[in-house]
Amino acid sequence: LYYMKRFFRIALFLSAMVLHAQQGGMWIPSLLEGMNAKEMKTLGMKMSVTDIYNVNKSSLKDAAPHFNGGCSSEIISDRGLLLTNHHCGYGQIQEHSTLEHDYLEHGFWAKNLSEELPNKDLKVTFIVRIDDVTAQVLKGTESLNEQEKARRIEQNIAQVIKDASKEAWQEGTIKPFYYGNQYILFITETFKDVRLVGAPPSSIGKFGSDTDNWVWPRHTGDFSLFRVYADKNNRPAEYSKDNVPYRPKHFFPISLKGVKEDDFVMVFGYPGTTQEYLPAVAVEQIQNVINPARIGIRDVALKVQDEYMRKDQGIKIKYAAKFARIANYWKKWIGETKGLKKSDAVALKKQQEEKFAQTLQRTNKKAHYGQLLPQFAALYKEIEPYNLAYNLYSELMFRNVDLLSNAFRLLQLEQVLENKGVQSFESRKANFLKIFEGVFKDNDPQVDKAVFEKVIAFYAANMPKQLLIKSLQHFDAKQLADKLYANSSVTSYEGVARLLSLSPEEFKNQLKQDVAVQLALELSQMNDTQVYPTYERLDTQIQALQRTYMKAILELAKPSDRIFPDANSTLRVTYGKVAGYVPADGVTYSATTTLDGVMEKYVPGDYEFDVPARLRELYAKKDYGRYGTKDGKMPLCFLSTCHTTGGNSGSPAIDARGNLIGLNFDRVWEGTMSDIHYDPKICRNIMVDMRYVLFVIDKYAGAGYLVDEMKLVK
Ligand code: ARG
Ligand code: ASP
């Protein structure tokens, strides 16, 4: 009996540990010692945390730069070869594409250094050092009020950066963590000569496009290759033909061993934003008010666009990028809302808050923090109509209807004229014309009008009545659309160009008379006077409360509570294991996919699911070289429990020994609520298997010379 009991106790203890280790979290790489290190070992990690981050010798962090501020990436050779996602390099690939050399359509492979393509405004930033500077930043702020405190913190930050030891070519930035309860300094090096080396065709790099976006099972080879160049001293430099490939302090060896269920995985990148510590009332608001509104308004816009795109190939091309952009977060919010409901996030938060209140009672901290939750409740109630109005306004004005965003741009230009005078006005015109050229290249007035009609109707029906402009109180959407699109100059490039060719006086006059500009003006004035000021005032109060709430959570927490800081575009470590999931009753998803799935999804000629002939050929011959599995399959994507978000795209997925096994690019739809509430049962990140990346480079594209400069581990 004794043995049995002990066995159970140990088993229970172990399963609790493993479960806990799957709870998500995005951790600061310089602070992994202790609880994280223990969890990572338990999950199977064979390195030590000083192999991940170390100031005294090279470590993994030296091979994981921030890619152009928005994505993640990794160095995979001693000559500065850099890997990131296809969708992260998309702009650069597009920029170099012409009708004759359509690299988006056919892919691109530089055969040697001289063929690599330089990119304007592309940079990658490496982290040299990470220091906790909380004490210095908060020095002398204890007794100050909010405003003075903010000012003092700003001064302290400037001073700390100035005093920080760094080389002439390095920079310092300080970021708040835990809503300003901790401050961390990053010393960085930014390289500005980064050249395009290779990209698969979109039919591989974007296979499945919007239909498969946020979806498992997935079969996208979402990767592209760049190279970082440095000056002769291996330091950052502006583009020069004399620059040479960067020699990194570290680069990732690539494992050919492959992955299986339960293997340790670590993802190392730059997650953008999460909101894991919102009170239940805030989550309720996102779930029941904000998400439904922004999903709803995009719903009607996308439906109209889709209808036209299906009928007309020209419109399909024009609207492809716009549609993808609107659809990306539309789809994410739908998944997020479902996931929040399914995982009972609000109820769970409420339970945690009850416990929080009890702990305050028990620890005599009620006087300090007892008012937080009631204050949140009051503020969120108060901000709700303004939050809704602000979100609907942004969607209407800036995201879905070209006519209104164009009218808004013209109003901005008029403001320049008002505030800064004729000279600034003249000097900015060319810039505006360029923007309009881009907008109208991808605009069809008939589609825009149809979108406007549906979107404006949705807007008027869903705005809080007291914040709705007069002219939309009683109106007919079709009549309004007819009137605007027949009479406004803002519906075509010629119309806008004509306005911009007028004298400043005439420009102002005609702008005032334009029906679309009038509507945009009425909308923006309502926002700027009745909505935004209140929204901002309440939001500032909410942010201050959130900081105090975070402080309380940190004070009351045990290490096992695993309180990690919300994402803020700084380098983080998340770890877990390879795992499938159960998306719905009766459905089980496995953790890996293969090239077989590409062929199952193949639709000849389709813009999302076409498959290039060469890939079909390799598949037919099962010609996978050293990259296929023993049983003759070509691995494609895999899942893990790592906790990622937007910005983690392009992150290295690393095995227990620090080798690259995958490239992160997405999450599963049912788990996109991980930005607010991570549920280990259904939150999964999606990676492309490195063996597929190498197969595409080597066997598909015949660019094996690139593989030769990598280090492969068998
Ligand atoms: N959902 C991924 C992320 O949020 C990939 C987006 C790019 N792909 C696309 N089909 N739009 O960035
Ligand atoms: N696709 C996202 C990105 O581009 C990653 C995610 O949201 O999971 O960063």
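Up top you'll find the structure we're talking about.
Before going into details, it helps to say that this report is about the structure given with it.

Parameters and conventions
- Residues numbered from 1 in each chain as written.
- Chains lettered and ligands numbered in written order.
- Predicted model: local features only at pLDDT ≥ 70, side-chain atom pairs only at ≥ 80, totals over all residues.
- Heavy atoms only, no water.
- Near = heavy atom within 4 Å.
- Polar contact = N/O pair within 3.5 Å; in protein donor to acceptor, adjacent residues only side chain to side chain.
- Areas by Shrake-Rupley, 256 points an atom, 1.4 Å probe, with all protein chains shown as cover.
- Helix = DSSP H or I, 4+ residues; strand = E, 2+ residues; numbered from the N terminus.
- Nonpolar A, V, L, I, M, F, W, Y, C, P; charged D, E, K, R; others polar.
- Contact = heavy atoms within 4.5 Å.
- Disulfide = S-S within 2.5 Å.
- Buried < 20%, exposed > 50% of the residue type's maximum accessible area, 1.4 Å probe, protein only.
- Salt bridge = Lys/Arg side-chain N within 4 Å of Asp/Glu carboxyl O.
- Phe/Tyr/Trp six-rings, centres within 6.5 Å; stacked < 30°, edge-to-face > 60°.
- Axes fitted to C-alpha atoms, helices over the stretch in contact; angles between N-to-C directions.
- Parallel < 35°, antiparallel > 145°, perpendicular 65-115°, else oblique.
- Pairing = 2+ DSSP bridges.
- Left-handed = near helix turned anticlockwise from the far one by under 90°.

Brief notes about the site of ligand 2
- Around ligand 2, a shell composed of His87, Trp214, Thr645, Gly646, Gly647, Asn648, Ser649, Phe665, Asp666 and Arg667 is seen.
- At a separation of 2.8 Å, an oxygen atom of ligand 2 approaches a polar side-chain atom of His87.
- The side chain of Ser649 places a nitrogen or oxygen atom 2.4 Å from an oxygen atom of ligand 2.
- If ligand 2 stood free it would expose 270 Å²; the protein chains cover 88% of that surface.
- Considering every element that reaches the shell around ligand 2, the biggest residue donor is strand β20 (residues 660-667), with 3 residues.
- Its residues placed into classes, the shell around ligand 2 shows 2 nonpolar, 6 polar and 2 charged.

Here we look at the side chain of Glu336
- With respect to the element layout, Glu336 can be found in helix α11 (residues 313-342).
- Only 3.0 Å separates the side chain of Glu336 from the side chain of Asn291, close enough to count as a polar contact.
- Beyond its immediate sequence surroundings of up to four residues, Glu336 is in contact with Ile286, Asn291, Thr672, Met673, Asp675 and Ile676.

Re the state of the cysteines
- Under the criterion given, the structure shown has 1 disulfide.
- The disulfide partner of Cys71 is Cys88, and the gap between their sulfur atoms is 2.1 Å. Judged by the torsion about the S-S bond (-75 degrees), the Cys71/Cys88 disulfide is left-handed. One end of the pair, Cys71, is in strand β2 (residues 71-72); the other, Cys88, is in helix α4 (residues 86-95), with 17 residues separating them in the sequence. Of the two residues, Cys71 and Cys88, both sit in the buried class.
- Cysteine Cys683 remains unbridged, with the sulfur of Cys642 as its closest cysteine sulfur at 12 Å.

Quick notes on the environment of Tyr700
- Along the chain, Tyr700 turns up in helix α24 (residues 690-700).
- Sequence separation between Tyr700 and Ser503 is 197 residues; the distance between their C-alpha atoms is 57 Å.
- Leaving out residues up to four positions away in the same chain, Tyr700 has contacts with Pro201, Ile204, Pro612, Arg614, Leu615, Leu618 and Phe695.

Some thoughts on the environment of Ala653
- Residue placement: Ala653 occurs in strand β19 (residues 652-654).
- Considering only alpha carbons, one finds Ala653 and Met266, 387 residues apart in sequence, at a separation of 5.6 Å.
- Setting aside chain neighbours within four positions, we find Ala653 in contact with Val265, Met266, Val267, Asn659, Leu660, Ile661, Gly662, Leu663 and Met687.

Observations regarding the pattern of salt bridges
- If you walk through the whole model with that rule in mind, you get 35 salt bridges.
- In this structure, Arg667 and Asp675 form a salt bridge, with 2.9 Å as the shortest nitrogen-oxygen distance. You'll find Arg667 and Asp675 in the same group, each marked buried.

A short note on the packing of aromatic side chains
- Under the definition given, this model contains 26 aromatic pairs.
- Here the aromatic rings of Phe126 and Tyr246 are separated by 5.3 Å at their centres, their planes lie at 50 degrees, and the arrangement is tilted. A residue pair is termed long-range when its members are at least 10 positions apart, and Phe126 in strand β6 (residues 124-132) and Tyr246 in the loop between β11 (244-245) and β12 (254-255) qualify at 120 residues.
- For Phe126, a relative accessible area of 3% gives the class buried.
- Exposure remark for Tyr246: the relative accessible area of 4% places this residue in the buried category.
- Seen in terms of ring centroids, Tyr532 and Tyr535 are 6.0 Å apart; in terms of plane orientation they differ by 35 degrees. Their pairing is tilted. Of this pair, Tyr532 and Tyr535 are both found in helix α21 (residues 515-556), 3 residues apart, which corresponds to roughly one turn of the helix.
- By relative accessible area, Tyr532 is classed as partly exposed at 29%.
- A relative accessible area of 16% means that Tyr535 is categorised as buried.

Considering the packing of helix α23 (residues 613-621) against α24
- Direction vectors running N to C along α23 and α24 enclose 105 degrees, while the axes themselves pass 11 Å from each other. Put simply, α23 runs roughly perpendicular to α24. Residues Arg614, Leu615 and Leu618 of α23 touch α24, and the partners they reach there are Tyr692, Phe695, Lys699 and Tyr700.
- In the contact of α23 with α24, the residues fall into 5 nonpolar, no polar and 2 charged.

With respect to the pairing of strand β14 (residues 572-577)
- In terms of residue burial, β14 counts as a mostly covered element, since 6 of its 6 residues are buried.
- Judged by which residues are buried, β14 turns out to be covered on both faces: Arg572, Thr574 and Gly576 on one side and Val573, Tyr575 and Lys577 on the other are all buried.

With respect to the sheet that holds β6
- Strands sit in the order β2-β1-β6-β8-β7 across an open sheet of 5 strands; the sheet is antiparallel. Of all strands in the sheet, those with a lone pairing partner are β2 and β7 (171-177), marking the two edges.
- As defined by bridge partners, strand β1 (residues 66-67) adjoins β2 across 2 bridges and the pair is classed as antiparallel. By the bridge assignment, His66 is partnered in β2 with Ser72.

Looking at the packing of helix α17 (residues 445-462) against helix α18 (residues 477-487)
- With their axes 9 Å apart at the nearest point, α17 and α18 run at an angle of 140 degrees to one another. The hand of the α17/α18 crossing is right-handed. Facing Pro445, Asp448, Lys449, Phe452, Glu453, Ile456 and Ala457 of α17, the residues of α18 in contact are Ala477, Lys478, Leu480, Ala481, Asp482, Leu484 and Tyr485.
- Considered class by class, the residues forming the contact of α17 with α18 number 9 nonpolar, no polar and 5 charged.

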